[in-house]
Amino acid sequence: MQQLEYTRIAIVGLGYVGLPLAVEFGRRYDTVGFDIRAARVDELRAGHDHTLEVDAAELAAATRLRFSAELDGIRECNVYIVTVPTPIDVAKRPDLTPLVKASESLGQVLKRGDIVVYESTVYPGCTEEVCIPILERVSGLVYNRDFFAGYSPERINPGDKQHRVTSILKVTSGSTPEVADFVNRLYGSIITAGTHQASCIKVAEAAKVIENTQRDLNIALVNDLAKLFNTLGIDTLEVLEAAGTKWNFLPFRPGLVGGHCISVDPYYLTHKAQEVGHHPDVILAGRRTNDSMGEYIAGQVVRLMVRKGINPVHARILVLGLAFKENCPDLRNTRVVDIVQALRGYNTEVDVFDPWVDATEAKHEYGLDLIDAPAAGSYDGIVVAVGHRQFAALGSAGIRAFGKPSSVLYDVKYVLPRNEVDGRL
Ligand SMILES: NC(=O)c1ccc[n+]([C@@H]2O[C@H](COP(=O)([O-])OP(=O)(O)OC[C@H]3O[C@@H](n4cnc5c(N)ncnc54)[C@H](O)[C@@H]3O)[C@@H](O)[C@H]2O)c1
């Protein structure tokens, strides 16, 4: 197996996962960041990352990192790390197109002795059943004789400046004991939090996908409880705070479950489960609950309006926040759009304001025209949908100032004190 110092790394896919990894490897190893989007490569060459995961100083500190939008740019590498998206399609089945395309590209540059490490979140078996056959077919090389593979899932959390790629313990694996050891040492050389070497690729794949499935189910339970407590007239947060005084009660909060991971990854697992005849009823029940929260929240807001004597038809409602989570510009799979859609279904007129989000992207992805700034005294209802720090800083008085004198203020994210809002999840 090759020595670490001769490692030339290609990171394939420079998104939320790939770029921070490329920057860390690029401090220590000759590294090429490869992406099919030339515009992304151009902005990174200019020292700018629009995802805000890496700042200009961090980019500059990666002195051995180059960028390329051409496959030729990674031909000289010997370790290829794949960090392309793994979305679901409209029927909520895994869409492996980016993974298949990236594997086809890598098949064209693969050489004897090379190692391909997948980081994209997949179901157990995907690397060896889907990706490796493509690499073999395109390259003409034989797996575990001419080239090797690994799987090392990523655990970063967009917008989280505390848990960075190097400070999160990393699971690693390889297609032979020697490769597993090499992959583990390679990551161990940049991950200060250490590594956990899984026994095989499938174990590492399964570990990642159940981390997010467990989160999804825990949130689904709390969402279900929130609906129940609301019917019973009990405040959910007060119950959770009381229960949370027990040492082993888990501190989950209700809410929308969007984004690229928690609301998507369970479907990779349920797909594989169904393929082998296992009925993943518990996992799918959680998905159903979490996917219904936008509509539930809209229903609650309209109910509160009606009870205050506000006719929802043509009422103006302000939704604060569109990103899938607080203090980050990431719009992917945001479920705030479910609230907006459901509110519009009641014939209300909805404005959406989000200081973090790129308005062009919101228009492109969801057909939504974001407003530049809410006007004072304009709204019959206000929904704090995302806990951005700007909304917390406004406080209830600042937020209520956007409303008419008898408007409804609903807090999805517990940004405001309970007694200062009309309703909360
Ligand atoms: N974002 C997260 O928080 C997170 C956390 C852990 C794991 N993951 C997983 O990591 C993977 C990547 O996620 P992400 O959030 O970085 O995605 P992303 O959409 O931010 O970035 C993916 C990048 O890959 C590029 N790309 C697509 N196809 C390509 C190809 N064939 N060749 C080269 N580049 C290609 C895209 O242009 C894009 O820049 C996914 O499997 C995801 O589930 C994401």
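Each value, and the rule that gives it
- Throughout, a residue's number is its position along its own chain's written sequence, starting from 1.
- Selection of residues for local features in this predicted model requires a pLDDT of at least 70, selection of side-chain atom pairs for listing and counting requires 80 or more, and totals for whole chains, interfaces and linings are taken over all residues.
- Burial in this document is a count-based property: other C-beta atoms within 10 Å of a residue's C-beta are tallied, and the residue is buried at 20 or more, exposed at 12 or fewer, or partly exposed in between, with C-beta positions derived from the backbone.
- Each helix is a run of H or I in the DSSP string that is no shorter than four residues. Each strand is a run of E no shorter than two, and both are numbered from the N terminus.
- Pairing between two strands requires that DSSP report at least two bridges joining them.
- The contact criterion used here is simple: two residues whose C-beta atoms, placed from the backbone, lie within 7 Å are in contact.
- The angle between two axes is taken between their N-to-C directions and runs from 0 to 180 degrees, where each axis is a line fitted to C-alpha atoms and a helix contributes only its stretch in contact.
- We call a residue near a molecule or strand when its C-beta atom, built from the backbone, sits within 6 Å of it.
- The classification used treats Ala, Val, Leu, Ile, Met, Phe, Trp, Tyr, Cys and Pro as nonpolar, Asp, Glu, Lys and Arg as charged, and all other residues, Gly among them, as polar.
- Should the near helix be turned counterclockwise from the far one by less than a right angle, the crossing is left-handed, whereas a clockwise turn marks it as right-handed.

Here's the deal with the pairing of strand β9 (residues 316-320)
- Among the 5 residues in β9, 4 count as buried, and that is most of the element.
- With 5 bridges connecting them, β9 and strand β10 (residues 349-353) associate as parallel partners. The residue of β10 that forms the bridge with Ile-317 is Val-350.
- Of the strand pairs in this sheet, β9 and strand β11 (residues 379-384) are connected by 4 bridges, and their pairing is parallel. For Ile-317, the partnering residue across the bridge sits in β11 and is Gly-381.

Let's talk about the sheet that holds β10
- The strand order β10-β9-β11-β12-β13 describes an open sheet built from 5 strands, whose pairing is parallel. In the strand order of this sheet, the two ends are held by β10 and β13 (423-424), each with one partner.
- Both β11 and strand β12 (residues 403-411) contribute to a ladder of 5 bridges, which runs parallel. Each bridged residue has a counterpart across the sheet, and for Gly-381 the counterpart in β12 is Val-408.
- Helix α11 (residues 293-307) rests against β11, β12 and β13 of the sheet, and its axis sits at about 145 degrees to β12.

Some words on the sheet that holds strand β6 (residues 148-151)
- In spatial order, the strands read β3-β2-β1-β4-β5-β6; together these 6 strands make up an open sheet with parallel pairing. Every interior strand has two partners, whereas the edge strands, β3 (65-68) and β6, have only one. Recorded for the sheet is a direction-independent mean angle of 20 degrees between the axes of neighbouring strands.

Some points on unusual backbone geometry
- Its identity is not glycine, yet Lys-92 carries a phi of approximately 60 degrees, on the positive side.
- Considering the arrangement of structural elements, one finds Lys-92 in the loop between β4 (79-82) and α4 (97-109).
- Of note in the backbone geometry, Asn-327 takes a positive phi value of approximately 55 degrees without being a glycine.
- Tracing the backbone shows Asn-327 in the loop between β9 and α12 (336-345).

Quick notes on the site of the ligand
- Taken together, 30 residues lie around the ligand, and Gly-13, Gly-15, Val-17, Ser-120 and Thr-121 are the ones closest in.
- Sorting elements by how many residues they give to the shell around the ligand places α4 first, with 4 residues.
- Split into classes, the residues belonging to the shell around the ligand amount to 13 nonpolar, 10 polar and 7 charged.

As for the packing of helix α9 (residues 265-275) against helix α10 (residues 281-291)
- Where α9 meets α10, the closest approach of the two axes is 10 Å, and the angle between their N-to-C directions is 145 degrees. Of the two elements, α9 crosses α10, and the hand of that crossing is left-handed. Contacts between α9 and α10 involve Pro-266, Leu-269 and Thr-270 from the former and Ile-283, Leu-284 and Arg-287 from the latter.
- For the contact of α9 with α10, the per-class residue count stands at 4 nonpolar, 1 polar and 1 charged.

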